[in-house]
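These are the residues of each chain, in order.
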Amino acid sequence: PWPARRPGQAARHDDGQDQPVHPPHLVARMGYVRASIGRMVCTAPGSKPERVRVTKLLLRRAARRMFTSSKSDLCSPYRTKSGATWKLELKVIDNPLTLWYFMNADSTLGCSTRISLRNDWCKVEKGKYMTVLKSFLSQSKLARREALTFYAFISPWVFGFIAFTLYPILASFYYSLTQYDIVNPAKWVGAGNYQELLSDRLFWQSIKVTVYFTALSVPLGIAASLGLAMLLNQKVPGLSVFRTVYYLPSVITGVAVALLFQWILNPDFGLVNYLLFKLFHLKGPGWFYDRYWAIPAFVVMGLWGLGGPMVIYLAALQNVPTELYEAAELDGANAVHRFRNVTLPMISPVILFTFITGIIGSFQAFTQIYVVTTGRGGPNYATLVYVLYLYQQAFRNFRMGFASAQAWILFLIIFGLTLLALRASRSRVYYEAPTEAL
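Criteria and cut-off values
- Residues numbered from 1 in each chain as written.
- Predicted model: local features only at pLDDT ≥ 70, side-chain atom pairs only at ≥ 80, totals over all residues.
- Heavy atoms only, no water.
- Helix = DSSP H or I, 4+ residues; strand = E, 2+ residues; numbered from the N terminus.
- Buried < 20%, exposed > 50% of the residue type's maximum accessible area, 1.4 Å probe, protein only.
- Contact = heavy atoms within 4.5 Å.
- Areas by Shrake-Rupley, 256 points an atom, 1.4 Å probe, with all protein chains shown as cover.
- Patch = residues over 30% accessible without salt bridge, like charges linked within 9 Å, V, L, I, M, F, W, Y side chains within 5 Å.
- Salt bridge = Lys/Arg side-chain N within 4 Å of Asp/Glu carboxyl O.
- Core = buried A, V, L, I, M, F, W, Y, C linked by side-chain atoms within 4.5 Å.
- Axes fitted to C-alpha atoms, helices over the stretch in contact; angles between N-to-C directions.
- Parallel < 35°, antiparallel > 145°, perpendicular 65-115°, else oblique.
- Left-handed = near helix turned anticlockwise from the far one by under 90°.
- Nonpolar A, V, L, I, M, F, W, Y, C, P; charged D, E, K, R; others polar.
- pLDDT = per-residue confidence, 0-100.
- 1 Å grid on protein atoms, 1.4 Å probe; cavity = no way out; pocket = protein on both sides within 12 Å on 5 of 7 lines; lining within 4 Å.
- Points joined across faces, edges and corners; volume = space filled by probe spheres on them.
- Phe/Tyr/Trp six-rings, centres within 6.5 Å; stacked < 30°, edge-to-face > 60°.

Caption draft 1: Representation of the overall build of the protein in the model. Across its full length, the protein holds 16 helices and 14 strands. Out of the 438 residues in the protein, the part that is buried amounts to 37%. Considering only intrachain contacts with a sequence separation of at least 6, the fraction spanning at least 24 residues in the protein is 51%. Carbon and sulfur atoms make up 63% of the accessible area of the protein, which totals about 26,700 Å².

Next up, the structure:
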């Protein structure tokens with residue numbers, strides 16, 4: 001029998017898994033081969049050492065039987081010259097592209113080597129990985145059929161990603177370094193578009209307006225949606241009806257919402273100004289027609305779509321363990337203390353998620369502002385957000401190269417703000433450690 005394993009003798013590979021230790025009298029010869037997988041010197045109990053040649057054909061047959069019989073492991077017998085019967089055993093462990101083979105004699109573990117199907121050559125070495133040809137399983141009809149089916153199903157997404165995502169990204173970067181107006185061929189200008197942007201007054205005005213809009217809309221949207229979610233998390237009669245009513249407005253977005261609020265916030269006959277005058281005898285502001293009230297009016301319009309973030313916060317609130325609230329109550333914590341010390345830390349990852357997505361969405365605000373201001377960004381450029389100015393340069397002035405440079409600067413701004421938010425939240429966001437399976 002093999003020598004007993006001492007404590008701490010288990011070998012650990014790169015994946016952190018404990019693997020069987022090779023007996024000292026079982027040696028795997030080093031070699032790089034294509035026709036054969038390798039040779040092993042194996043010793044059965046009570047017999048002399050014998051060389052066992054593990055061929056690619058032997059492995060292929062065992063693997064084909066395993067994958068066609070839907071079993072996790074199969075054995076292929078191998079009889080040596082002395083008459084001892086060895087078995088080549090294949091097992092799938094954790095990764096479908098990784099196999100282990102074991103040489104067994106009389107149900108006693110002999111030698112084990114890992115097989116990875118990722119490389120084009122094969123390497124045999126004691127205690128380390130062994131890779132085989134990629135054609136190891138590709139010669140199986142079932143494997144070929146599964147591969148063809150996989151590529152057939154994934155091909156629409158691959159084509160769409162290349163045609164509508166990857167190519168536009170690469171093309172926009174190229175056009176950002178050229179002077180291009182769609183009609184004439186692109187003319188290389190290098191960093192000229194970026195230098196012109198830095199000296200453009202409207203470019204800085206669009207950044208200023210966008211930052212102002214983001215600073216108002218993101219915190220207000222988080223606070224309003226979280227407060228609404230807490231109200232809808234109470235146990236009251238007809239709760240499902242209230243949740244549906246508050247979520248329904250988020251289904252209607254875009255142009256319809258812009259036209260609706262264009263009437264509600266009209267300074268002459270709008271509903272809001274009418275109620276202000278009737279109830280409080282106050283003259284309402286000009287809203288979209290006042291340079292100081294235009295951006296706040298669009299922020300109020302954005303609160304129409306609180307249903308989406310509200311559902312996310314509602315799911316996060318319902319995921320907070322009730323025993324934490326009970327323990328806080330036993331310690332004498334009131335509602336404010338429970339919200340500050342229990343609720344906020346437990347839902348902090350969701351707050352971070354909505355904060356980042358809110359920043360991304362506010363920097364890309366376009367539709368409602370375009371509809372209300374008819375694409376001009378008025379009054380007096382008070383609503384000229386970044387994407388609206390990009391649209392004007394691309395589809396009104398036909399300066400595609402200049403607009404592409406704007407798009408890449410917008411990407412860098414959003415990317416930088418996202419990294420900054422993630423880095424700043426490291427000590428402020430609580431992540432519950434996953435429970436290890438027993």
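Resuming the write-up.
Caption draft 2: Region of interest: a nonpolar patch on the surface. On the surface, Leu260, Trp263, Phe269, Leu271, Tyr274, Leu275, Leu279, Phe280 and Leu282 cluster together into a nonpolar patch covering about 940 Å² of accessible area. When residues of the nonpolar patch are traced back to their parent elements, those giving at least two are helix H7 (255-264) and helix H8 (271-280). A total of five residues in the nonpolar patch trace back to one element, the largest contributor, which is H8. With respect to the helices, strands and loops of the structure, Leu282 is situated in the loop between H8 and helix H9 (294-302).

Caption draft 3: Region of interest: unusual backbone geometry. Residue Gly378 is joined to Pro379 through a cis peptide bond whose omega torsion reads 0 degrees. With respect to the helices and strands, the residue Pro379 is situated in the loop between helix H14 (367-373) and helix H15 (386-395). With a phi close to 75 degrees, Ile182 is a non-glycine residue in the positive phi region. Its place among the elements puts Ile182 in the loop between strand S13 (178-179) and strand S14 (187-188). In this model, Trp287 sits at a positive phi of 50 degrees, which is unusual for a non-glycine residue. You can see Trp287 is positioned in the loop between H8 and H9.

Caption draft 4: The arrangement of the nonpolar core in detail. In terms of nonpolar packing, the biggest core is built from 56 residues, with Phe203, Leu265, Phe288, Phe298, Met301 and Tyr386 touching the most fellow members. Contributing elements (two or more residues each) for this core: helix H5 (201-231), H7, H9, helix H10 (307-318), helix H13 (348-363), H14, H15 and helix H16 (400-424). For this core, the element with the highest residue contribution is H5, accounting for 10 residues. Sequence-distant contacts of Leu265, that is, excluding residues within four places in its chain, are made with Val272, Trp287, Phe288 and Ala297.

Caption draft 5: The arrangement of the packing of helix H11 (residues 322-330) against helix H12 (residues 335-346) in detail. At a closest axis distance of 10 Å, the pairing of H11 and H12 adopts a crossing angle of 160 degrees. Our classification of the angle between H11 and H12 gives roughly antiparallel. When the axes of H11 and H12 are compared, the crossing they make is right-handed. Contacts between H11 and H12 involve Leu324, Tyr325, Ala328 and Glu329 from the former and Arg338, Val342, Thr343 and Met346 from the latter. Looking at the contact of H11 with H12 residue by residue, the classes come out as five nonpolar, one polar and two charged.

Caption draft 6: Up close: the confidence of the model for the protein. Mean pLDDT over the protein: 75, with 67% of residues reaching 70 or higher. Segment residues 1-47: pLDDT under 50, and 118 contacts once partners within four positions in sequence are set aside and those in other chains are kept. In this model residues 66-139 is a low-confidence stretch, pLDDT under 50, and it forms 216 contacts with partners more than four residues away in sequence or in other chains.

Caption draft 7: Broad picture of the layout of surface pockets. Of the pockets and cavities examined, the largest pocket occupies roughly 760 Å³. Along the walls of the largest pocket sit 32 residues, with Phe213, Ser217, Gly302, Leu303 and Gly305 positioned nearest its centre. Elements with a minimum of two residues in the lining of the largest pocket: H5, H9, H10, H13 and H14. Sort the elements by how many residues they give to the lining of the largest pocket and H5 lands first, with six residues. Looking at the lining of the largest pocket residue by residue, the class counts come to 16 nonpolar, 16 polar and no charged.

Caption draft 8: Just the packing of aromatic side chains, in detail. A full pass over the atoms with the stated rule returns 17 aromatic pairs. Centroid distance Phe173 to Trp408: 5.3 Å. Interplanar angle 70 degrees. Geometry classified as edge-to-face. With Phe173 in helix H3 (residues 141-175) and Trp408 in helix H16, this pair connects stretches of sequence that are 235 residues apart. Aromatic pair Phe203 and Tyr386: ring centres 5.8 Å apart, planes at 70 degrees, arrangement edge-to-face.

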